[in-house]
Amino acid sequence: MTNRPFRWDLVRPDQVGTLLDHAKKPHLWFLDDLATCTAKVLARCGDGELHFVGRSLDSMHDLLGGALEQTSWQERVHQLPLSLKPRDGFGRRDVRLLRENLAATGITPHALARGTRPTVFVDLVFEGDTFTELYVQLRDWIDEDREAWHVIRRKLRFLGVTLRQPIRPDAWRWQEDVAWTRELPAAAVRNVSLARDVWFYFGNDQPKLTPSFPRQRWTDETVRSPDHGKATRRALAEAFALVDAGRSTEVRDRLVRTISAEPAIAGPWLRGLVTELRC
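Everything quoted here is computed from the prediction, not taken from an experiment. Here the residue numbering is sequential within each chain, running from 1 through the sequence in written order. Since the coordinates come from a predicted model, pLDDT governs what is reported: local features require at least 70, and pairs of side-chain atoms require 80 or more to be given and counted, while whole-chain, interface and lining totals use all residues. To obtain the side-chain values, all non-hydrogen atoms of the structure were used and water was disregarded.

## Observations concerning the overall build of the protein
Next up, step 1: Only DSSP runs of H or I with at least four residues qualify as helices, and only runs of E with at least two residues qualify as strands; both kinds are numbered from the N terminus onward. When helices and strands are tallied, the protein shows 10 helices and five strands.
Next up, step 2: For 279 residues, the compact-globule estimate of 2.2 N^0.38 gives 19 Å, and the C-alpha radius of gyration of the protein, at 19 Å, lies within 12% of that figure.
Next up, step 3: The C-alpha extent of the protein, read off along each of the three principal axes, is 55 × 45 × 35 Å.
Next up, step 4: We call a residue buried when its accessible area falls under 20% of the maximum for its residue type, exposed when it is over 50%, and partly exposed in between, using a 1.4 Å probe and counting protein chains only. Residues classed as buried in the protein amount to 53% of the 279 residues present.
Next up, step 5: Put simply, 82% of the contacts in the protein that link residues at least 6 apart link residues at least 24 apart. Radius of gyration means the value over C-alpha atoms here, while the globule rule gives 2.2 Å times the residue count to the 0.38 power. Whether two residues touch is decided by their heavy atoms; if any such pair falls within 4.5 Å, the residues are in contact.

Here's what the structure looks like:
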C-alpha cells in the first residue's frame, strides 16, 4: 500500500469521535474569495479530473467535497499530497516512489494515453517549481514507457492559483519563464488569481490537517497516524466548516454565478455541472 499522510474523510466523518467537541467555530473570512476562485478552477479545467498537488489548496478540495457531493462530479476531485521541493537531487529511489504515488491515484503513462478526460493538476503557484518538476518526471516516465506523447500532451493540464495583480499587458506570468509549457497546447496551462491575503494564508499561515510530505518522508510510516494536537484540531474544524459551506445554497449559488460568466459555459459539460449545482 502506498504510504500517504493520514487525513480524515470529511464528507463521511466516522473517524472523528469527540475530537472536536470543544472546538471553536472557525471564522471563514476567506470564503467568498475561495468560492469565486474555486468556480473559475471548475470552469477552466476542461471537463477534467482535478488533482490537488500538495497541501496548499486543501481548502478548495474540501469546499468542493461539499459542493459536488450530490453531483456526478463527486469522484472527480483528488488529492496528491506530495511535496516535490527542493527540485535538485531527485534520485532513482525518489523517482520510483513518485511513480508509485502517482499510480495509486490512477496517473500512469498508460492511463494518460487512454483516458477519456484530461488530467488536471491544481496548485498554488508562484514560480511554478512544483509543476515544473512534476512535468519533467511525467515526461521522462512517458518516454521510458514509450507511450504516445502526441496523444497525452492533449490530455494534460496545469491550473495555477496565482497572486492577484493589476491587469496590464506587461504583467509577469510564471508560465512564460519556463520552457516546458510551450510543449503543450495553449489551453493546457491556465491560471486563476486569488486575493493576496488569502493566497498567503493558504500558502504560509493556515494550519494544515496533514504534515508536509517531502520526498525525504515518502517512506516514513509515522505520517499514517493521526495527530490530535491543537493545531490539527483547529485545521480539522476549519476543514469540516468548509465542507458544510460547500453544501450550502449560498456557496453553490456563488459557484453557479461565477461559472456562468466564464467563456467555457458554452460547453455542454459545464452547463450540465451548473444544472447539477442548482439542484
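## Things to note about helix α2 (residues 58-67)
Next up, step 1: Counting buried residues along α2, nine of its 10 residues qualify, which places the element largely inside the surrounding structure.
Next up, step 2: Listed as buried for α2 are D58, S59, M60, H61, D62, L63, L64, G66 and A67.

## Describing the packing of aromatic side chains
Next up, step 1: For Phe, Tyr and Trp, rings pair up if their centres lie within 6.5 Å, where Trp contributes its six-membered ring, and each pair is then called stacked (planes under 30 degrees apart), edge-to-face (over 60) or tilted (otherwise). Tallied over the full model, the rule gives 19 aromatic pairs.
Next up, step 2: Ring centres 4.6 Å apart and planes at 20° place the aromatic pair Y135 and W180 in the stacked group. Linking Y135 in helix α5 (residues 129-144) with W180 in the loop between β4 (156-163) and β5 (189-194), this pair joins segments that are 45 residues apart in sequence.
Next up, step 3: A connected cluster of aromatic rings, assembled from ring pairs, spans F121, F131, Y135, W149, F158, W174 and W180.
Next up, step 4: Working rule: Lys NZ or Arg CZ, within 6 Å of ring centre, within 35 degrees of ring normal, means a charge sits over the ring. Positioned above the aromatic ring of W73 is the side chain of R76, whose terminal nitrogen or guanidinium carbon lies 3.7 Å from the ring centre.
Next up, step 5: Sitting over the ring of W149, R139 keeps its end group 4.0 Å from the ring centre.

## Remarks on the sheet that holds β5
Next up, step 1: With parallel pairing, the five strands of this open sheet are ordered in space as β2-β1-β3-β4-β5. Each end of this open sheet is capped by a strand with a single partner; those strands are β2 (77-80) and β5. Across the sheet, the mean angle from the axis of one strand to that of its neighbour is 25°, orientation sign disregarded.
Next up, step 2: In short, DSSP must find at least two bridges between two strands for them to pair. Relative to β4, strand β3 (residues 119-124) runs parallel, the two sharing six bridges. Within β4, the residue paired with V120 across the bridge is R157.
Next up, step 3: Relative to the sheet, helix α7 (residues 196-205) contacts β3, β4 and β5, its axis offset from that of β4 by approximately 115°. Here an axis means a line fitted to C-alpha atoms, over the contact stretch when the element is a helix, while the angle between two N-to-C directions is reported on a 0 to 180 degree scale.

## Considerations on the environment of L82
Next up, step 1: Within the fold, L82 resides in the loop between β2 and α3 (92-104).
Next up, step 2: Taking the C-alpha atoms as reference points, L82 and R215, separated by 133 residues in sequence, lie 7.5 Å from one another.
Next up, step 3: Apart from residues lying up to four places away in sequence, L82 is in contact with V53, G54, L98, N101, F213 and W218.

## Overview of the nonpolar core
Next up, step 1: For our purposes a nonpolar core is just a set of buried Ala, Val, Leu, Ile, Met, Phe, Trp, Tyr and Cys residues, chained together by side-chain atoms within 4.5 Å. Counting residues in each nonpolar core, the largest one holds 45 residues, and the members touching the most others are L50, M60, V122, V161 and F202.
Next up, step 2: A total of eight residues in this core trace back to one element, the largest contributor, which is helix α1 (residues 31-43).
Next up, step 3: Residue contacts for M60: discarding those within four places in its chain leaves L34, C37, T38, V41, F52 and V161.

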